[in-house]
Amino acid sequence: MSPIQRIALMLTIIGAINWGLLVFFQVDLISSSFGGRNDELAKIIYGLIGAAGLVNLGLFFMQEEEFVIESEVNRTR
């Protein structure tokens, strides 16, 4: 897994946690942390999380053999 994919996965997990907090507790952690839903920084964070989801879509369609081979190469380094 490349560093970009790892960062994308981390951002996707943050987005999923934010959605869970929003649904169960009505707390939007990202907008409250970055100045409200209409703040430019919050919009950038939301955009990064959306782009991360698209990057992770590539992981979803990655062949299992490619993933295993890539993991094996990283272990031998």
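Located above this text is the structure these notes cover.
Visitor: What is the right way to look at unusual backbone geometry in this model?
Guide: Trans is the common state for peptide bonds, and a negative phi is the common state for residues other than glycine. For Gln-26, which is not glycine, the phi dihedral falls at a positive 55°. When you line up the elements, Gln-26 lands in the loop between α1 (3-25) and α2 (29-33). Residue Gln-26 is classed as exposed on the basis of its relative accessible area of 62%.

Visitor: Is there a simple way to think about helix α3 (residues 40-60) in this case?
Guide: Given 3.6 residues per helical turn, the α-helix brings residues three or four places apart onto the same face. Taking 1.5 Å of rise per residue, 21 residues should cover 30 Å, and α3 covers 30 Å from first to last C-alpha, within 8% of that figure. Those residues of α3 not exposed but buried are Ala-42, Ile-45, Ile-49, Ala-52 and Asn-56. All buried residues of α3 fall inside an arc of 75° around its axis, so they share one side. α3 presents Glu-40 and Leu-54 as exposed residues on the side facing more than 90 degrees away from its buried surface. Those residues of α3 that are buried are in contact with α1 and α2.

Visitor: I'm lost on the environment of Asp-28 in this one. Help?
Guide: In this structure, Asp-28 sits in the loop between α1 and α2. Residues Asp-28 and Ile-17, eleven residues apart in the sequence, show an inter-C-alpha distance of 9.7 Å. Setting aside residues up to four positions removed in sequence, Asp-28 forms contacts with Asn-18, Leu-22, Arg-37 and Tyr-46. A distance of 2.7 Å separates the side chain of Asp-28 from the side chain of Arg-37, its partner in a polar contact.

Analysis parameters
- Residues numbered from 1 in each chain as written.
- Predicted model: local features only at pLDDT ≥ 70, side-chain atom pairs only at ≥ 80, totals over all residues.
- Heavy atoms only, no water.
- Helix = DSSP H or I, 4+ residues; strand = E, 2+ residues; numbered from the N terminus.
- Buried < 20%, exposed > 50% of the residue type's maximum accessible area, 1.4 Å probe, protein only.
- Expected span 1.5 Å × (residues − 1).
- Arc of directions from axis to C-beta.
- Contact = heavy atoms within 4.5 Å.
- Polar contact = N/O pair within 3.5 Å; in protein donor to acceptor, adjacent residues only side chain to side chain.

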